[in-house]
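Given next are the chains, with one letter for each unit.
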Amino acid sequence: MAKTSENENNENRDHKKLGPKLDLFTFSDLVGPGLPLWTPKGTILRNLLDEFVWQLRKTRGYERVEIPHITKKELYEKSGHWEKFKDELFQIKTREGHIFAVKPMNCPHHTQIYARKPWSYRELPQRYANTTMCYRDEQSGELGGLSRVRAFTQDDAHAFCRMSQVKEEFLKIWDIIHEFYGAFGFDLQVRFSRHDPKQPEKYLGDKERWTTAENILGEIIKEKKVKAIDGIGEAAFYGPKLDFMAKDSLGREWQVATIQLDLNMPDRFDLTCVNENGEAERIAMIHAAIMGSIERFLSVLIEHTGGAFPLWLSPVQAAVLPLSEKYKTYAQKIFEELKEKNIRVQMTDADEPLGKRIRESEIQKIPYVIVVGEKEEKSENVSVRRRGSAFAKATADKQDGLPSEASAKEGEISMENLLEKIEREVNEKII
Ligand SMILES: [Zn+2]
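Owing to the predicted nature of the structure, the values given are computational and were not obtained by experimental measurement.

**Structural notes on the domain arrangement of the chain**
When the parts come together, some accessible area is lost, and that loss is often what is quoted as the size of the interface.
Piece 1. With domains assigned, the chain is organised as domain 1 (6-305) and domain 2 (311-427).
Piece 2. In this structure, domain 1 and domain 2 have C-alpha centres spaced 38 Å apart.

What follows is the structure in structure tokens.
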């Protein structure tokens, strides 16, 4: 087979094709463009990724919160979003004639959770995590696959803290990002996204506040001893940020995680804590998304892995294939045993030739294909084929640009050994 060009490699990994082929998501003309619908397999992926982020956050003191998806427009007038983004908001007119908006971000809602009561400095930081959908009225021509959508899920979090705690909170989130992206073999680069002093009209707040915020971020970068890309004009309208760019297995860079320092929202919403002297002290707000949006992250991950997800993340982890109808009972026993151990397993009927069923499991990128016949039933073992490691094979020099679909035959092993192997691979999130 002739070596294909890099363009074709990229095309074979295109998440717009590969996602539906792996039955992860779909679009419907009736629902509308830019509104992905998640299948059971895709939903498993989303939930596992979110749970991973949540575990990393939980150990660092985050708590979960929940908010409605709409709000009175007054919330966004106060935050400044209405003025900046009113054309990108989905607006709703209620039957009583009030204007509501569907949320394009969560920060203003979260400020109102913090504002529910007075806080002592001893109770800070308050750290709120919330994985939730946001909606933006993107123009139809700009929509494509999962990269640009009208409904996306942010793995959002806001930390409300004193100025003296900002650095520590940033470093904690930096650790989470490092751990999360490390688990997928991404290389990360940091961009220091600052405001553009030549366009002050693009930003909230005065110059002094921006200088203070940018100095703190500069110190954090220095402390981490990394070389950050200078992103002048890339700041959010409320504050500077550290953006993380992930390099995928094809060498492409994607903006993924972000940590943002915001001294403007706390001012606009008058957020304070009571300090050691009994005075009201203005606090800082840190915005942080690890995946950014689950949709965009998945578009990157599908192309990075070519759909061969690590075992812990695979929607179907194992398939049991009886050699023929005769061995269905034994296959059923193996299937039940795996299911009992919470392994996501499927069983195929024996009405198709074995080779065809193995091939189908490989196309679906199922990590473990378990074949049972007479020999296995007698010895009470199983024969295992293991899909190639997602990342060892996920390189651009593969002829078709995809991780090898062919699995390697690992031979006969006992169920005990197989379960042990799977459990270790899942727990250690091996890639
Ligand atoms: Zn935010």
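**A word on the pairing of strand S12 (residues 253-262)**
Each regular strand shows side chains that alternate between the opposite faces of the sheet.
Piece 1. Direction of pairing for strand S11 (residues 241-247) relative to S12: antiparallel, over a ladder of six bridges. By the bridge assignment for S12, Ala246 is matched with Trp254.
Piece 2. Count of turn residues in the S11/S12 antiparallel hairpin: five residues, of which Gly251 carries a positive phi of about 80°.
Piece 3. As paired strands, S12 and strand S15 (residues 284-289) are joined by five bridges and run antiparallel to one another. Counterpart to Asp262 in the pairing with S15 is Met285.

**Let's talk about unusual backbone geometry**
Piece 1. Pro125 follows Leu124 through a cis peptide bond whose omega is 0°.
Piece 2. Counting through the fold element by element, Pro125 comes out in the loop between helix H6 (107-114) and strand S7 (126-135).
Piece 3. Phi angles above zero are rare outside glycine, and Asn342 is one such case at about 65°.
Piece 4. Topologically, Asn342 is positioned in the loop between helix H11 (328-340) and strand S17 (345-347).
Piece 5. The exposed category is assigned to Asn342, around which 10 C-beta atoms lie within 10 Å.
Piece 6. Here Lys365, not a glycine, exhibits a phi torsion of approximately 60°, which is positive.

**Notes on the nonpolar core**
Piece 1. Counting residues in each nonpolar core, the largest one holds 69 residues, and the members touching the most others are Phe160, Cys161, Ile177, Ala284, Ile286, Ile290 and Met291.
Piece 2. Broken down by element, this core gets its largest block of residues, eight residues, from helix H7 (residues 166-182).
Piece 3. Ignoring anything within four residues of it in the chain, the contact list for Ile177 reads Phe244, Ala257 and Ile290.
Piece 4. Among the nonpolar cores identified, the runner-up in size contains 22 residues, and Val320, Leu321, Ala331 and Val382 belong to it.

**What about the environment of Asn275?**
Piece 1. Structurally, Asn275 can be placed in the loop between strand S13 (272-274) and strand S14 (280-282).
Piece 2. The exposure class assigned to Asn275 is partly exposed, which follows from the 15 C-beta atoms found within 10 Å.
Piece 3. C-alpha separation for the pair Asn275 and Arg122, spaced 153 residues apart in sequence, amounts to 8.3 Å.
Piece 4. The residues contacting Asn275, other than those within four sequence positions of it, are Tyr121 and Glu281.

**Digging into the confidence of the model for the chain**
Piece 1. Of all residues in the chain, 93% have pLDDT values of 70 or greater, and the mean over the chain is 91.
Piece 2. Below a pLDDT of 50 lies the segment residues 390-403, which in the model reaches 45 contacts outside its immediate sequence neighbourhood of four places, other chains included.

Basis of the calculations
- Residues numbered from 1 in each chain as written.
- Predicted model: local features only at pLDDT ≥ 70, side-chain atom pairs only at ≥ 80, totals over all residues.
- Domains from an automatic or database assignment.
- Pairing = 2+ DSSP bridges.
- Helix = DSSP H or I, 4+ residues; strand = E, 2+ residues; numbered from the N terminus.
- Buried ≥ 20, exposed ≤ 12 C-beta atoms within 10 Å, placed from the backbone.
- Core = buried A, V, L, I, M, F, W, Y, C linked by C-beta atoms within 7 Å.
- Contact = placed C-beta atoms within 7 Å.
- pLDDT = per-residue confidence, 0-100.

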